[in-house]
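Survey of secondary and tertiary structure
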Amino acid sequence: IDAVFDGATGRGGADASGYAAKTFQEATVDTVDGMTALLDMANQRLFQRGRGRFFLTTASVTLKIGSTLHVLNVGDSPVFLIRGHDIMPLTGAAQGATFLGIGNALGRQEKLAYKATSLSLEAKDRLVLATDGLIENIAPSELIALVDAAPSPEQAVATLRRLYDGKKQGNKGRVDDSSGFRRDD
């Protein structure tokens, strides 16, 4: 299981994302139903605390069972599959910098709304779980090149951090839209 949680700025997001991450770290999840139950439980707790206005976080959670990958997405944290030299978005949020406001997040509504997908994995497939702040500044083509060149996931993350920091320092955004750096916490 891999997951990314991105808290909503100014709305108790750090607490919400920390709570959701801890919930998944402390649980044993080996079924899709277990994954959805955990998301539902985290959502209910966050909604009770913030009544849909505070304690909000996005979530993208992936679970590999055999050769099948299951993806659950709430909000704008994208998931990509890199297969060969192609990158495929597995969530609608992976399409680019389109999220405005907090339309869907853990803690936003009493009943959780999420998008789910499943697919068969192949040898040498790689996943990238990201936040909106990352994908608003780093294009999918940059992710492919970075992951292809990295000898390990840890090296890919280190290189990605250097690229992100360099873009921030130089006020340069995605290479595919000529934008400046988009600030996000």
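Everything discussed here concerns the structure shown above.
Because the structure is a prediction, the values reported are computed rather than measured.

Moving on, we get to unusual backbone geometry. Located in the positive-phi region is Phe-55, a residue other than glycine, with phi close to 60 degrees. Examined against the element boundaries, Phe-55 turns out to sit in the loop between α2 (32-50) and β2 (57-65). Phe-55 sits in the buried class, given a relative accessible area of 17%. At Asn-171, a position not held by glycine, the phi torsion is positive, near 50 degrees. The topology assignment puts Asn-171 in the segment after α5 (153-170). You can call Asn-171 partly exposed: its relative accessible area is 48%.

Quick look at α5 now. Helix length check: α5 (18 residues) gives 26 Å between terminal C-alpha atoms against 26 Å at 1.5 Å per residue, within 8%. Listing the buried residues of α5 in full gives Ala-156, Leu-160, Tyr-164 and Lys-167. The arc that holds every buried residue of α5, seen down its axis, measures 65 degrees, which confines them to one face. Every exposed residue of α5 that faces more than 90 degrees away from the buried side is listed here: Glu-154, Arg-161, Arg-162 and Gln-169. Downstream of α5 by a residue or two, Asn-171 has a phi angle that is positive, lying close to 50 degrees.

Spatial ordering of the open sheet is given by β1-β2-β3-β6, a layout of 4 strands whose pairing is antiparallel. Taken across any chain shown, the strands that pair with only one partner, and hence form the sheet edges, are β1 (2-7) and β6 (115-120). Across the sheet, the mean angle from the axis of one strand to that of its neighbour is 10 degrees, orientation sign disregarded. Of the pairings in the sheet, the one linking β1 to β2 comprises 6 bridges and is antiparallel in character. Note on β2: the bridge partner recorded for Gly-7 is Thr-57. Of the strands in this sheet, β1 and β2 touch helix α1 (residues 13-25), which is tilted by about 165 degrees from β1. Strands β2 and β3 (68-74) of the sheet are contacted by α2, whose axis makes an angle of about 165 degrees with β2.

A few words now on the sheet that holds strand β4 (residues 79-83). Backbone-to-backbone hydrogen bonds pair the strands of a sheet. The strands run either parallel or antiparallel. Ordered by their spatial adjacency, 3 strands build an open sheet running β5-β4-β7, and the pairing between neighbours is antiparallel. For this open sheet the edge positions go to β5 (86-89) and β7 (126-129), each flanked by a neighbour on one side alone. With strand direction ignored, the average angle separating the axes of adjacent strands in the sheet is 25 degrees. Pairing of β4 with β5, which is carried by 4 bridges, proceeds in the antiparallel orientation. Following the sheet pairing, Ile-82 is matched in β5 by Ile-87. Set on the sheet, helix α4 (residues 140-149) makes contact with β4, β5 and β7; between it and β4 the angle comes to about 55 degrees.

Here we take up the environment of Ala-139. By secondary structure assignment, the location of Ala-139 is in the loop between α3 (132-135) and α4. Once the C-alpha coordinates of Ala-139 and Glu-154 are considered, the two residues, 15 residues apart in sequence, prove to be 20 Å apart. Setting aside its immediate chain neighbours within four residues, Ala-139 contacts Arg-174, Val-175 and Asp-176.

Tallying each qualifying case throughout the model produces 2 aromatic pairs. Consider the rings of Phe-5 and Phe-24, whose centres lie 5.8 Å apart with planes at 45 degrees: the pair is tilted. Taken together, the positions of Phe-5 in strand β1 and Phe-24 in helix α1 put the pair 19 residues apart, joining distant regions of the chain. The exposure classification of Phe-5 matches that of Phe-24, with both residues buried. Consider the rings of Tyr-164 and Phe-181, whose centres lie 5.2 Å apart with planes at 70 degrees: the pair is edge-to-face. With Tyr-164 in helix α5 and Phe-181 in the segment after α5, the pair connects residues that are 17 residues apart, well separated along the chain. For Phe-181, a relative accessible area of 9% translates into the label buried. Sitting over the face of the ring of Phe-55, Arg-49 holds its NZ or CZ atom 3.9 Å from the ring centroid.

How each quantity is defined
Residues numbered from 1 in each chain as written. Predicted model: local features only at pLDDT ≥ 70, side-chain atom pairs only at ≥ 80, totals over all residues. Heavy atoms only, no water. Helix = DSSP H or I, 4+ residues; strand = E, 2+ residues; numbered from the N terminus. Buried < 20%, exposed > 50% of the residue type's maximum accessible area, 1.4 Å probe, protein only. Expected span 1.5 Å × (residues − 1). Arc of directions from axis to C-beta. Pairing = 2+ DSSP bridges. Axes fitted to C-alpha atoms, helices over the stretch in contact; angles between N-to-C directions. Contact = heavy atoms within 4.5 Å. Phe/Tyr/Trp six-rings, centres within 6.5 Å; stacked < 30°, edge-to-face > 60°. Lys NZ or Arg CZ within 6 Å of the ring centre and 35° of its normal.

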